Amino acid sequence: MNVLMVFLLALLWDLLLGEPPALVHPVVWFGKLAGFLDSRWKRRGHSPDFLAGALVAIIVIIFALALSFLPFCLPLPLNYALAVYLLKSSFAIRSLHEHVARTVTEDIEEKRKAVSMIVSRNTENLDEGHLNSASIESLAENLNDSVIAPLFYFLLFGLPGALVYRAVNTLDAMLGYRNERYEFFGKFSARLDDILNFIPARLTVLLYLPLGGRKVLQHYRLARFKLNSDKPIAAMSAVIGVWLEKPGVYRFPGREPTNEDIMRALKVYWLVVAEWVIIVALLLAKEVFPCLSP
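Residues numbered from 1 in each chain as written. Predicted model: local features only at pLDDT ≥ 70, side-chain atom pairs only at ≥ 80, totals over all residues. Heavy atoms only, no water.

Looking up the protein chain in an unreviewed UniProt entry gives the name Probable cobalamin biosynthesis protein CobD, with the organism given as Thermococcus aciditolerans. Listed under Function (unreviewed entry) in UniProt, the entry text for the protein chain is "Converts cobyric acid to cobinamide by the addition of aminopropanol on the F carboxylic group." The Subcellular location (unreviewed entry) comment attached to the protein chain in UniProt states, word for word, "Cell membrane". (UniProt positions renumbered as here; feature names shortened; annotations may be inferred.)

Written out as C-alpha coordinates, the structure reads:
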(Lines give C-alpha, C1' and ligand atoms only; values in the text may rest on other atoms or scores of the structure.)
Protein backbone atom coordinates (compact mmCIF):
# COMPACT_ATOMS: atom_id res chain seq x y z
CA MET A 1 0.00 0.00 0.00
CA ASN A 2 1.36 3.43 -0.98
CA VAL A 3 1.30 5.28 2.35
CA LEU A 4 2.07 8.66 0.77
CA MET A 5 -1.01 8.33 -1.42
CA VAL A 6 -3.12 7.32 1.59
CA PHE A 7 -1.85 10.36 3.51
CA LEU A 8 -2.44 12.83 0.67
CA LEU A 9 -5.96 11.54 -0.02
CA ALA A 10 -6.79 11.67 3.70
CA LEU A 11 -5.46 15.23 3.84
CA LEU A 12 -7.51 16.19 0.80
CA TRP A 13 -10.63 14.67 2.40
CA ASP A 14 -10.04 16.64 5.59
CA LEU A 15 -9.52 19.98 3.86
CA LEU A 16 -12.46 19.62 1.44
CA LEU A 17 -15.04 17.67 3.46
CA GLY A 18 -14.09 17.92 7.13
CA GLU A 19 -15.28 15.33 9.62
CA PRO A 20 -17.31 12.21 8.78
CA PRO A 21 -20.80 11.99 10.37
CA ALA A 22 -20.70 11.07 14.07
CA LEU A 23 -22.60 7.84 13.39
CA VAL A 24 -19.71 6.42 11.36
CA HIS A 25 -16.77 8.25 12.96
CA PRO A 26 -14.22 5.85 14.54
CA VAL A 27 -13.22 8.39 17.21
CA VAL A 28 -16.88 8.67 18.24
CA TRP A 29 -16.94 4.86 18.42
CA PHE A 30 -13.93 4.90 20.76
CA GLY A 31 -15.77 7.35 23.00
CA LYS A 32 -19.02 5.38 22.93
CA LEU A 33 -17.23 2.15 23.83
CA ALA A 34 -15.31 3.81 26.67
CA GLY A 35 -18.47 5.48 27.94
CA PHE A 36 -20.43 2.22 27.88
CA LEU A 37 -17.75 0.32 29.80
CA ASP A 38 -17.39 3.22 32.26
CA SER A 39 -21.14 3.19 32.96
CA ARG A 40 -21.10 -0.55 33.67
CA TRP A 41 -18.41 -0.37 36.35
CA LYS A 42 -19.57 0.56 39.84
CA ARG A 43 -16.69 2.07 41.80
CA ARG A 44 -15.21 -0.39 44.31
CA GLY A 45 -12.04 1.23 45.64
CA HIS A 46 -8.65 2.49 44.53
CA SER A 47 -6.99 -0.70 43.24
CA PRO A 48 -10.09 -2.31 41.68
CA ASP A 49 -10.97 0.98 39.99
CA PHE A 50 -7.46 1.39 38.59
CA LEU A 51 -7.43 -2.17 37.23
CA ALA A 52 -10.91 -1.79 35.76
CA GLY A 53 -9.93 1.50 34.12
CA ALA A 54 -6.79 -0.09 32.68
CA LEU A 55 -8.89 -2.94 31.27
CA VAL A 56 -11.28 -0.44 29.65
CA ALA A 57 -8.33 1.32 28.02
CA ILE A 58 -6.90 -1.97 26.75
CA ILE A 59 -10.27 -2.99 25.26
CA VAL A 60 -10.62 0.33 23.42
CA ILE A 61 -7.02 0.10 22.17
CA ILE A 62 -7.59 -3.44 20.90
CA PHE A 63 -10.72 -2.20 19.10
CA ALA A 64 -8.65 0.60 17.49
CA LEU A 65 -6.00 -1.90 16.42
CA ALA A 66 -8.61 -4.21 14.93
CA LEU A 67 -10.03 -1.32 12.89
CA SER A 68 -6.57 -0.32 11.68
CA PHE A 69 -5.83 -3.79 10.27
CA LEU A 70 -9.12 -4.09 8.37
CA PRO A 71 -7.78 -2.44 5.17
CA PHE A 72 -5.14 -5.15 4.87
CA CYS A 73 -7.90 -7.77 4.63
CA LEU A 74 -9.60 -6.11 1.66
CA PRO A 75 -8.86 -6.14 -2.07
CA LEU A 76 -8.10 -3.10 -4.23
CA PRO A 77 -9.55 -0.45 -4.24
CA LEU A 78 -11.49 -1.07 -1.02
CA ASN A 79 -8.30 -1.34 1.03
CA TYR A 80 -7.20 2.16 -0.07
CA ALA A 81 -10.65 3.64 0.49
CA LEU A 82 -10.90 2.29 4.04
CA ALA A 83 -7.29 3.23 4.89
CA VAL A 84 -7.89 6.82 3.72
CA TYR A 85 -11.12 7.00 5.72
CA LEU A 86 -9.56 5.64 8.91
CA LEU A 87 -6.47 7.85 8.67
CA LYS A 88 -8.58 10.93 8.05
CA SER A 89 -10.63 10.12 11.15
CA SER A 90 -7.44 10.20 13.26
CA PHE A 91 -6.70 13.89 12.60
CA ALA A 92 -8.82 17.05 12.30
CA ILE A 93 -7.33 20.11 10.64
CA ARG A 94 -10.34 21.87 9.10
CA SER A 95 -12.69 21.02 11.97
CA LEU A 96 -10.38 22.54 14.58
CA HIS A 97 -10.16 25.78 12.58
CA GLU A 98 -13.95 25.95 12.24
CA HIS A 99 -14.62 25.41 15.95
CA VAL A 100 -12.12 28.08 17.02
CA ALA A 101 -13.27 30.55 14.33
CA ARG A 102 -16.79 30.44 15.80
CA THR A 103 -15.44 32.06 18.98
CA VAL A 104 -14.58 35.26 17.08
CA THR A 105 -17.60 37.43 17.88
CA GLU A 106 -18.38 40.70 19.63
CA ASP A 107 -21.42 39.16 21.37
CA ILE A 108 -20.07 38.03 24.75
CA GLU A 109 -22.81 35.45 25.33
CA GLU A 110 -22.37 33.97 21.88
CA LYS A 111 -18.61 33.87 22.48
CA ARG A 112 -19.12 32.20 25.86
CA LYS A 113 -21.28 29.51 24.25
CA ALA A 114 -18.81 28.92 21.41
CA VAL A 115 -15.84 28.67 23.78
CA SER A 116 -17.72 26.23 26.03
CA MET A 117 -17.92 23.86 23.05
CA ILE A 118 -14.13 23.53 22.80
CA VAL A 119 -12.90 23.67 26.42
CA SER A 120 -13.75 21.65 29.52
CA ARG A 121 -13.61 24.60 31.94
CA ASN A 122 -16.71 26.49 33.06
CA THR A 123 -17.03 29.60 30.87
CA GLU A 124 -19.98 31.19 32.69
CA ASN A 125 -17.91 33.60 34.77
CA LEU A 126 -15.00 34.22 32.38
CA ASP A 127 -14.44 37.77 31.15
CA GLU A 128 -13.77 38.51 27.47
CA GLY A 129 -9.98 38.31 27.81
CA HIS A 130 -10.12 34.89 29.44
CA LEU A 131 -12.65 33.66 26.88
CA ASN A 132 -10.29 34.72 24.09
CA SER A 133 -7.43 33.08 25.96
CA ALA A 134 -9.36 29.82 26.35
CA SER A 135 -10.09 29.76 22.63
CA ILE A 136 -6.42 30.27 21.68
CA GLU A 137 -5.27 27.76 24.31
CA SER A 138 -7.65 25.14 22.90
CA LEU A 139 -6.34 25.80 19.40
CA ALA A 140 -2.71 25.43 20.53
CA GLU A 141 -3.29 22.30 22.60
CA ASN A 142 -5.43 20.59 19.98
CA LEU A 143 -2.92 21.42 17.25
CA ASN A 144 -0.80 18.83 19.03
CA ASP A 145 -3.57 16.37 19.91
CA SER A 146 -5.52 16.52 16.66
CA VAL A 147 -2.82 17.09 14.04
CA ILE A 148 0.83 16.73 15.07
CA ALA A 149 0.62 13.66 17.34
CA PRO A 150 -1.63 11.37 15.24
CA LEU A 151 0.48 11.99 12.13
CA PHE A 152 3.67 11.51 14.17
CA TYR A 153 2.47 8.04 15.15
CA PHE A 154 1.32 7.39 11.59
CA LEU A 155 4.89 8.10 10.48
CA LEU A 156 6.28 5.67 13.04
CA PHE A 157 3.75 2.85 13.04
CA GLY A 158 1.42 3.44 10.11
CA LEU A 159 -2.36 3.35 10.45
CA PRO A 160 -2.30 1.33 13.72
CA GLY A 161 -0.15 4.04 15.32
CA ALA A 162 -2.49 6.86 14.29
CA LEU A 163 -5.66 5.10 15.47
CA VAL A 164 -4.20 3.84 18.74
CA TYR A 165 -2.97 7.34 19.55
CA ARG A 166 -6.44 8.76 18.84
CA ALA A 167 -8.05 6.07 20.98
CA VAL A 168 -5.76 6.88 23.92
CA ASN A 169 -6.33 10.61 23.49
CA THR A 170 -10.09 10.02 23.50
CA LEU A 171 -9.82 7.88 26.63
CA ASP A 172 -7.90 10.64 28.39
CA ALA A 173 -10.49 13.25 27.34
CA MET A 174 -13.31 11.11 28.74
CA LEU A 175 -11.73 9.45 31.79
CA GLY A 176 -8.59 11.41 32.66
CA TYR A 177 -10.08 13.68 35.32
CA ARG A 178 -8.79 14.32 38.84
CA ASN A 179 -12.11 13.88 40.62
CA GLU A 180 -13.76 11.29 42.84
CA ARG A 181 -15.19 9.25 39.97
CA TYR A 182 -12.11 9.13 37.74
CA GLU A 183 -9.10 9.69 40.02
CA PHE A 184 -8.19 5.98 39.87
CA PHE A 185 -10.44 4.65 37.11
CA GLY A 186 -8.97 7.09 34.59
CA LYS A 187 -5.38 7.12 35.85
CA PHE A 188 -4.09 4.49 33.39
CA SER A 189 -5.57 6.35 30.41
CA ALA A 190 -4.24 9.70 31.63
CA ARG A 191 -0.69 8.41 32.19
CA LEU A 192 -0.67 6.59 28.84
CA ASP A 193 -1.76 9.79 27.12
CA ASP A 194 1.07 11.65 28.90
CA ILE A 195 3.59 9.13 27.61
CA LEU A 196 2.33 9.24 24.02
CA ASN A 197 2.23 13.06 23.96
CA PHE A 198 5.67 13.64 25.49
CA ILE A 199 7.56 13.78 22.17
CA PRO A 200 4.79 15.29 19.98
CA ALA A 201 4.21 18.18 22.40
CA ARG A 202 7.86 19.17 22.19
CA LEU A 203 7.95 18.58 18.45
CA THR A 204 5.04 21.02 18.17
CA VAL A 205 7.13 23.64 19.99
CA LEU A 206 9.97 23.09 17.50
CA LEU A 207 7.56 23.78 14.64
CA TYR A 208 6.83 27.20 16.19
CA LEU A 209 10.50 28.17 16.23
CA PRO A 210 10.64 29.56 12.65
CA LEU A 211 7.74 31.85 13.59
CA GLY A 212 8.87 33.07 17.01
CA GLY A 213 12.53 32.27 17.45
CA ARG A 214 14.01 33.00 20.88
CA LYS A 215 10.68 34.11 22.33
CA VAL A 216 9.35 30.58 21.84
CA LEU A 217 12.28 29.16 23.79
CA GLN A 218 11.82 31.76 26.55
CA HIS A 219 8.16 30.86 26.95
CA TYR A 220 8.97 27.14 26.76
CA ARG A 221 11.22 27.54 29.81
CA LEU A 222 8.22 28.98 31.68
CA ALA A 223 6.05 25.96 30.80
CA ARG A 224 6.53 23.97 33.99
CA PHE A 225 2.90 23.65 34.99
CA LYS A 226 2.01 20.41 33.16
CA LEU A 227 3.94 17.57 31.57
CA ASN A 228 2.82 18.23 27.98
CA SER A 229 -0.25 20.37 27.29
CA ASP A 230 1.23 23.71 28.41
CA LYS A 231 4.19 23.44 26.00
CA PRO A 232 2.30 24.21 22.73
CA ILE A 233 0.25 26.86 24.59
CA ALA A 234 3.45 28.58 25.72
CA ALA A 235 4.76 28.57 22.14
CA MET A 236 1.55 30.08 20.75
CA SER A 237 1.62 32.77 23.45
CA ALA A 238 5.18 33.67 22.42
CA VAL A 239 4.41 33.91 18.71
CA ILE A 240 1.28 36.10 18.97
CA GLY A 241 2.45 38.08 22.02
CA VAL A 242 -0.58 37.69 24.30
CA TRP A 243 -1.07 36.31 27.78
CA LEU A 244 -2.71 32.91 27.92
CA GLU A 245 -4.04 31.85 31.29
CA LYS A 246 -6.02 29.06 32.84
CA PRO A 247 -6.74 30.59 36.25
CA GLY A 248 -5.09 28.66 39.04
CA VAL A 249 -3.15 26.43 36.63
CA TYR A 250 -0.84 28.47 34.37
CA ARG A 251 -0.23 31.91 32.90
CA PHE A 252 2.10 32.98 30.10
CA PRO A 253 2.96 36.71 29.78
CA GLY A 254 1.84 39.21 27.16
CA ARG A 255 -0.96 41.68 26.48
CA GLU A 256 -4.65 40.81 26.81
CA PRO A 257 -5.90 38.65 23.90
CA THR A 258 -8.63 40.02 21.60
CA ASN A 259 -10.77 38.72 18.76
CA GLU A 260 -8.07 39.84 16.34
CA ASP A 261 -5.56 37.70 18.24
CA ILE A 262 -7.73 34.62 17.76
CA MET A 263 -7.60 35.29 14.01
CA ARG A 264 -3.83 35.76 14.22
CA ALA A 265 -3.55 32.49 16.14
CA LEU A 266 -5.50 30.75 13.37
CA LYS A 267 -3.01 32.06 10.80
CA VAL A 268 -0.14 30.75 12.93
CA TYR A 269 -2.01 27.44 13.21
CA TRP A 270 -2.14 27.05 9.43
CA LEU A 271 1.56 27.88 9.08
CA VAL A 272 2.52 25.20 11.61
CA VAL A 273 0.13 22.71 9.98
CA ALA A 274 1.73 23.46 6.60
CA GLU A 275 5.21 22.86 8.02
CA TRP A 276 4.17 19.54 9.48
CA VAL A 277 2.27 18.35 6.40
CA ILE A 278 5.33 19.04 4.22
CA ILE A 279 7.63 17.20 6.65
CA VAL A 280 5.30 14.18 6.85
CA ALA A 281 4.89 14.04 3.06
CA LEU A 282 8.65 14.26 2.47
CA LEU A 283 9.42 11.53 5.02
CA LEU A 284 6.77 9.25 3.54
CA ALA A 285 8.02 9.94 0.00
CA LYS A 286 11.57 9.04 1.01
CA GLU A 287 10.33 5.96 2.89
CA VAL A 288 12.30 6.91 5.98
CA PHE A 289 10.36 4.32 8.00
CA PRO A 290 9.76 1.60 5.36
CA CYS A 291 9.52 -1.31 7.81
CA LEU A 292 7.06 0.51 10.09
CA SER A 293 4.73 1.97 7.46
CA PRO A 294 1.49 0.13 6.71
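Next, the rest of the story.
A. Geometry of the overall build of the protein chain. Within the protein chain, the regular secondary structure consists of 11 helices and two strands. Taken from N to C terminus, the helices and strands of the protein chain fall in the order α-α-α-α-α-α-α-α-α-α-β-β-α. Relative to the globule expectation of 19 Å for 294 residues, the C-alpha radius of gyration of the protein chain, 19 Å, shows essentially globular dimensions. Within the protein chain, buried positions represent 52% of all 294 residues. (Helix = DSSP H or I, 4+ residues; strand = E, 2+ residues; numbered from the N terminus. Rg over C-alpha atoms; globule rule 2.2 N^0.38 Å. Buried < 20%, exposed > 50% of the residue type's maximum accessible area, 1.4 Å probe, protein only.)

B. Region of interest: a nonpolar patch on the surface. On the surface, a nonpolar cluster with roughly 660 Å² of combined accessible area is contributed by Met5, Leu9, Leu12, Leu15, Leu16, Leu17 and Trp270. If one sorts the elements of the nonpolar patch by residue count, helix H1 (residues 3-17) sits on top with six residues. For leucine 9, the position within the fold is in helix H1. (Patch = residues over 30% accessible without salt bridge, like charges linked within 9 Å, V, L, I, M, F, W, Y side chains within 5 Å. Areas by Shrake-Rupley, 256 points an atom, 1.4 Å probe, with all protein chains shown as cover. Salt bridge = Lys/Arg side-chain N within 4 Å of Asp/Glu carboxyl O.)

C. View of the layout of surface pockets. The computed volume of the largest pocket comes to approximately 1700 Å³. Along the walls of the largest pocket sit 49 residues, with Glu141, Asn142, Asp145, Asp172 and Ala173 positioned nearest its centre. Listed by contribution, the elements that provide at least two residues to the lining of the largest pocket are helix H2 (26-40), helix H5 (94-101), helix H7 (128-175), helix H8 (187-212) and helix H10 (230-240). Residue contributions to the lining of the largest pocket peak at 13 residues, all from H7. Looking at the lining of the largest pocket residue by residue, the class counts come to 17 nonpolar, 17 polar and 15 charged. (1 Å grid on protein atoms, 1.4 Å probe; cavity = no way out; pocket = protein on both sides within 12 Å on 5 of 7 lines; lining within 4 Å. Points joined across faces, edges and corners; volume = space filled by probe spheres on them. Nonpolar A, V, L, I, M, F, W, Y, C, P; charged D, E, K, R; others polar.)

D. H5, seen in detail. Along H5, the residues classified as buried are Ser95, Leu96 and Val100. Along the axis of H5, the buried positions cluster into a sector of 130 degrees, meaning they face one direction only. Residues of H5 that are buried sit in contact with H7 and helix H11 (259-285). (Arc of directions from axis to C-beta. Contact = heavy atoms within 4.5 Å.)

E. Just the packing of helix H4 (residues 78-90) against H7, in detail. Where H4 contacts H7, the two axes come as close as 9 Å, and the packing angle between them is 145 degrees. Crossing geometry of H4 relative to H7 is assigned as right-handed. Here Ala83, Leu86, Leu87, Ser89 and Ser90 of H4 come into contact with H7, specifically with Ser146, Pro150, Leu151, Phe154, Leu159, Ala162, Leu163 and Arg166. Taken together, the residues of the contact of H4 with H7 break down into nine nonpolar, three polar and one charged. (Axes fitted to C-alpha atoms, helices over the stretch in contact; angles between N-to-C directions. Left-handed = near helix turned anticlockwise from the far one by under 90°.)

F. Structural context of helix H6 (residues 108-116). Of all the positions in H6, only Lys111, Arg112, Ala114 and Val115 are classed as buried. Projected down its long axis, H6 carries its buried residues within an arc of 165 degrees, all on one side. Structurally, H6 contributes buried residues whose contacts are with H7 and H11. In this structure aspartate 107 caps H6, since a side-chain oxygen of it lies 3.0 Å from the backbone nitrogen of glutamate 109. (Polar contact = N/O pair within 3.5 Å; in protein donor to acceptor, adjacent residues only side chain to side chain.)

G. Inspection of the UniProt feature "transmembrane region" (unreviewed entry) in the protein chain at higher detail. According to UniProt, the positions carrying the feature "transmembrane region" (unreviewed entry) are residues 50-70, 147-168 and 268-285. Summarising residues 50-70: 95% helix, 0% strand, and an end-to-end C-alpha distance of 31 Å. Helix makes up 100% of residues 268-285 and strand 0%, with an end-to-end C-alpha separation of 26 Å.

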